Structures are given as C-alpha cells and as structure tokens.
Amino acid sequence: MKFPGKPRSQPAASLPLCLILLKILQPGHSHLYSNRYAGDKVIRLIPNTEEEAYALKKICHQLKVDLWQPSSISYVSEGTVTDVHIPLNGSRALLAFLQEANIPYKILIEDLQKALEEGSSSQAQRNRRSLSEYNYEVYHSLEEIQNWMHHLNNTHSGLIHMFSIGKSYEGRSLLVLKLGRRSRAYKRAVWIDCGIHAREWIGPAFCQWFVKEALLTYRSDPTMRKMMNHLYFYIMPVFNVDGYHFSWTNDRFWRKTRSRNSRFRCRGVDANRNWKVKWCDEGASMHPCDDTYCGPFPESEPEVKAVANFLRKHKKHIRAYLSFHAYAQMLLYPYSYKYATIPNFSCVESAAYKAVNALQSVYGIRYRYGPASSTLYVSSGSSMDWAYKNGIPYTFAFELRDTGHFGFLLPEMLIKPTCTETMLAVKNITMHLLKKCP
C-alpha cells in the first residue's frame, strides 16, 4: 500500500497505526481463518438409487470432501440427505458430476467464508466481554469459557462448584461445574456435556445458557428451584477442549480430538466413537484420517477416559446423561449401535415425546425423536450407549438446530431461540426423572 507523498521507507513505529486504521475500516472480521474458505460451497445432494449413491461415495472420496451430514460416507445410500463442504477447486468437478449423473442437488451455502463472517458478531463487540456482563448470545473461545467458569466458581459458591476431572491430550484442564443446592441429603444427579465434536459450537453455547438460566431463575421459577434443590447437575461445557480450541484458531470445521497417531500424519479421534460399547463396529472407521475414526483402542482419548472414569465412579447417583450435538433437530435415545428396544423404553419414550412437544411449543421448531439407530443411523462406541450400558437409565443425545440451512454455522442471532427452546426440553426430561417414570 503506497501513501502519496510519503517516503517509501516508513519508520517502523508508524506501521501499526496504518494497521489499526485498516482494522477499524475493515467490515466484519475478514481475516477470519485467513480467508481459507473463500469460494468453498456446501452442497446438499440426495442420491435416487444405490448406483448413484455408490458413484457419489466414489467422487466424494476422490475429491476429499468434508462431509457435514451424515458423519460418515459409509452411511450414504439411496435417499440419504447428504451435505458436503467442498473446497473451491473441487466444487466445479463435483457440480459437473452431479449434473452429468442427474443427481438432484441444492447449494446450501454459496460462499462459506462469507457465511462464516456474516454469522458472527463484529470483533469490536467480541472484545467487550467482561465477565460481569458476559454475553450468552455470542460464541466464546475456550479461554473465555474457562475464565467464565472460574468467575462463576468464585462468585456463586452457594450453587456452583468447579473441579477438573483430568487433562486433555494437549494438557488442557477438563473442567466441570457442579450445579445445585448443597444438602446433606443424598441427591441424584444429571450429567450434561457439550462439544464432544469441535465444530458444533451451539453445544457449548447451550451448556453456558443452561448455567445462566439456573442462576438467574432459581429464585423465581418453581421448576428450576425444584431442579436445583433435588438434583445436582454436572455440566461440562466443552468436552473436546483441544478440538474446540483448534476450531477457533485453525479449522472451523474440525470435528475430532487432536491426538497424534504414530503411523499416520492425520490427527484426532472421533470422541463419540471411542467408548467401550460395541467399539469400532458399524458406523465407525478404523482409519485415522476419517472423521469417524474410533481410535487405536476404547478410551484411548484422555478426554473420553476422564469422563468415563468420572461416570463410573458416580454411577450410583447419576440418573441421567445428556449430550449436546448439532445439527439435525433430533432427540435421540439408545440404542445407537443396534436396532433393539431398550428395557425401559416406555419411560424414556414418553420423556422424549414430552420434551419434544415442550420444545416445539416455543417457536414451532419440530424435532424428530426416537432410538438413535433408526432415527439417525447406527453408530457404535457412542457416549450415550455407553452411559446407558453402565447403568444410567435416562440417556439422551440432542442434535440441535438446524436442518442444514446454516449447518454448523448457526448464526449468533439464533443462539437465544435455540437455547430457549432446548431449555424447556431439558427441564421436561429432568422433571420426568424426578416424578419417577409413570
């Protein structure tokens, strides 16, 4: 950039000023992820026949697409709604193939970089996040979330106790908030985790929202008061801390953990395929480069092992396990690894039915609900199945908004409505638990 009338060799001191000016004048934050997604597209396709599905699998493999839905290419068959994120250089080839093969498609996101920038608040807003006026309607970095947890631990010691259950692969603390009124009486508990998959940012946003609602409405809302008085809630806002951090700094669409593999340069394991329940069977991959890689052995990931150890240790009083994912708008319960009916099906099914109705009553957002295997797809080694198999009678996985319009890039303006409706579903499940299943 040349400044008229200025000598070319500028003094170093004046450079930051120009940069500051540039930053102020720049719209949004166009430096996000150093523009790596410029021109990338997200395309939805639905193969009509098994032949088309096979051809689709092949080209997706060749073009190395980033699959958004379903989580593994192995799930793609006739009629499967398939959302793919394709880099600029591959999209021409893919679109040409789809037209040639006559496979119906729709471009969901025309330019991913633009969508990324439009979905998040400006940097100026971001920086004004003092803990006393913490903004729950924006996405927060790992550092911000952990500072917020420390802050709550210091300022709400009556209802909140923070502790660490271990360290991640990269050495970060695995922090959990214990929420509820302390009482001498024996109390049952509910476990809630968010962010098992790094790119599903609405998850951690919900975990934070839940804590905020508990603290704000505990005195005024009889349901919340009952929940806080009669139960403890163990809340882990970011399960996959390394992956979540990486999705902020390097790759917005990273899913797995960040562990290294001795034989492959590909990093990370799918933390929701790493549990010791039908481990690495259907719906999980043995290849380290795949998004659904199950890991070298069950609980190979320190994050999974830490949570599993904690749940094992406290399984006597933990009565419900809730895990938050995105995106699909579904409320799922076991089994995920097989098509079979759980023993306490009627209890769990009625809890899910009521929760979904409560959720829909707010903005009319419809959720599908049912056993994960038949509602979503068969997947082995999931946390929900593991928790159920380990004696926790109510285990659910939420797939939050939306159904693909924004996909993983759910805009910040949708955090509040999404969390508000989800709150009702969670309260419903919790109250169901307290009533002792009908």
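Everything numeric in this text was worked out from a predicted model, so none of it was measured.

Draft legend 1. Expanded view of the packing of aromatic side chains. As enumerated under the stated definition, the model contains 30 aromatic pairs in all. When the centroid spacing of 6.2 Å and the interplanar angle of 65 degrees are considered together, the rings of Y333 and F345 count as edge-to-face. Within this pair, whereas Y333 is found in strand β10 (residues 330-333), its partner F345 is found in helix α11 (residues 345-363), the two being separated by 12 residues in sequence. Using a relative accessible area of 32% as the deciding quantity, one classes F345 as partly exposed. Here Y335 and Y388 contribute two aromatic rings whose centre-to-centre distance is 5.9 Å and whose plane-to-plane angle is 85 degrees, an arrangement assigned as edge-to-face.

Draft legend 2. Up close: the nonpolar core. By size, the foremost hydrophobic cluster in this structure holds 109 residues, and its most contacted members are I165, L179, W191, I192, F210, F233 and F396. For F396, the residues in contact, after removing those within four places along its chain, are Y321, L322, S323, L331, L332, Y333, V348, A351, A352, M384 and I429. Within the second largest apolar cluster, 16 residues are counted, among which are I59, V76, I86 and L94.

Draft legend 3. Region of the structure containing the side chain of N272. Looking at the element boundaries, N272 is found in the loop between α9 (241-249) and α10 (302-313). A polar atom in the side chain of N272 sits 2.9 Å from the backbone nitrogen of S383.

Draft legend 4. Layout of the packing of helix α6 (residues 142-155) against α9. Axis separation between α6 and α9 bottoms out at 9 Å; the angle between their running directions is 130 degrees. Taken together, the axis directions place α6 and α9 in an arrangement best described as oblique. The segment α6 lies against α9, with L142, I145 and Q146 engaging V241, Y244 and H245. Among the residues forming the contact of α6 with α9, the class breakdown is 4 nonpolar, 2 polar and no charged.

Draft legend 5. The state of the cysteines, seen in detail. Tallied over the entire structure, the rule returns 3 disulfides. A sulfur-sulfur separation of 2.1 Å characterises the disulfide bridge that pairs C194 with C207. With the S-S bond torsion at 85 degrees, the cross-link from C194 to C207 turns out right-handed. With C194 in strand β7 (residues 188-194) and C207 in helix α7 (residues 202-217), the pair connects residues that are 13 residues apart, well separated along the chain. Here the two residues C194 and C207 agree in accessibility, since each one is buried. Here C280 connects covalently by a disulfide to C294, the sulfurs 2.1 Å from one another. Looking along the S-S bond of the C280-C294 disulfide, the torsion reads about -70 degrees, which is the left-handed sense. Of this pair, C280 sits in the loop between α9 and α10 while C294 is found in the loop between α9 and α10, placing the two residues 14 residues apart along the sequence. Of the two residues, C280 and C294, neither departs from the other in class, the shared state being buried. Here C60 is not cross-linked by a disulfide; its sulfur's nearest cysteine counterpart is in C289, at 17 Å.

Draft legend 6. Local environment of the side chain of E117. Within the secondary structure layout, E117 lies in helix α4 (residues 112-119). K114 provides the closest opposite charge to the buried, unpaired E117, separated from it by 8.1 Å. Of note is the side chain of E117, whose polar atom sits 2.7 Å from the side chain of Q113.

Draft legend 7. Broad picture of the sheet that holds β7. Ordered by their spatial adjacency, 8 strands build an open sheet running β5-β6-β8-β7-β9-β12-β10-β11, and the pairing between neighbours is mixed. Either end of the sheet is taken by a strand with one partner, and the two such strands are β5 (160-167) and β11 (368-371). The sheet shows a mean angle of 20 degrees between the axes of neighbouring strands, direction not considered. Against the sheet, α11 engages β10, β11 and β12 (394-400), with an angle of about 170 degrees to β10.

Draft legend 8. Expanded view of the pairing of strand β3 (residues 82-86). Taken across its 5 residues, β3 has 5 buried, putting it largely inside the fold. Both strand β1 (residues 41-45) and β3 contribute to a ladder of 5 bridges, which runs antiparallel. The residue of β3 that forms the bridge with K41 is I86.

Draft legend 9. Highlighting α4. All buried positions along α4 are accounted for by L112, Q113, L116, E117 and G119. Along the long axis of α4, the arc covered by the buried residues comes to 165 degrees, so they all point the same way. Those residues of α4 that are buried lie in contact with β1, β2 (66-69), β3 and β4 (105-109). With a side-chain oxygen positioned 3.0 Å from the backbone nitrogen of Q113, the residue opening α4 is D111.

Draft legend 10. Examining the UniProt feature "active site" (unreviewed entry) in the protein chain more closely. Mapped onto the present numbering, the UniProt feature "active site" (unreviewed entry) falls on E399. Look at E399 and you get buried, because its relative accessible area is 12%. Once you skip the residues sitting within four places of it in the chain, E399 turns out to touch H325, A326, Y327, A328, Q329, M330, L332, Y367 and L376. Here A326 takes part through its backbone nitrogen, which lies 3.4 Å from a polar atom of the side chain of E399.

Draft legend 11. Quick look at the sheet that holds β2. With antiparallel pairing, the 4 strands of this open sheet are ordered in space as β2-β3-β1-β4. Edge positions in the sheet fall to β2 and β4, since each of these pairs with one other strand and no more. Going from strand to strand, the sheet's axes swing by 30 degrees on average, the running direction of each strand aside.

Reading the values: rules and limits
All residue numbers refer to position in the chain's written sequence, counted from 1. Given that the model is predicted, a residue must reach a pLDDT of at least 70 before its local features are reported, and side-chain atom pairs must reach 80 or more before they are shown or counted; all residues, however, enter totals for whole chains, interfaces and linings. Heavy atoms throughout the structure, all of them, feed into the side-chain values; hydrogens and water do not. Pairing of aromatic rings covers Phe, Tyr and Trp, the last through its six-membered ring, and needs centres within 6.5 Å; plane angles under 30 degrees mean stacked, over 60 mean edge-to-face, and all others mean tilted. A helix here means a DSSP run of H or I that spans at least four residues, while a strand means a run of E at least two residues long, and both kinds are numbered starting from the N terminus. Think of it in three bands: with a 1.4 Å probe and only protein chains considered, a residue is buried below 20% of the maximum accessible area for its type, exposed above 50%, and partly exposed in between. Put simply, buried Ala, Val, Leu, Ile, Met, Phe, Trp, Tyr and Cys residues joined by side-chain atoms within 4.5 Å make one nonpolar core. We call two residues contacting when some pair of their heavy atoms lies within 4.5 Å. Polar contacts, as counted here, are pairs of nitrogen or oxygen atoms within 3.5 Å of one another; within protein the pair requires one atom able to donate a hydrogen and one able to accept it, and residues that are adjacent in sequence qualify only if both atoms are side-chain atoms. In this analysis, axes come from line fits to C-alpha atoms, helices being fitted only over the stretch in contact, and the angle between any two N-to-C directions falls in the range 0 to 180 degrees. Relative orientations are named as follows: roughly parallel for angles under 35 degrees, roughly antiparallel for angles over 145 degrees, roughly perpendicular for angles from 65 to 115 degrees, and oblique for any other angle. Any residue outside Ala, Val, Leu, Ile, Met, Phe, Trp, Tyr, Cys, Pro, Asp, Glu, Lys and Arg is labelled polar, Gly included; the first ten of those are nonpolar and the last four are charged. Disulfides are defined as pairs of cysteine sulfur atoms found within 2.5 Å of each other. All tallies of charge rest on Lys and Arg as positive and Asp and Glu as negative; His and the ends of each chain are not included. Definition used for salt bridges: Asp or Glu carboxyl oxygen within 4 Å of a side-chain nitrogen of Lys or Arg. Two strands are said to pair when DSSP picks up at least two bridges between them. In this description, the arc belongs to the directions extending from the helix axis to the C-beta atoms. UniProt positions are given in the numbering used here, feature names are shortened, and annotations may be inferred rather than shown by experiment.

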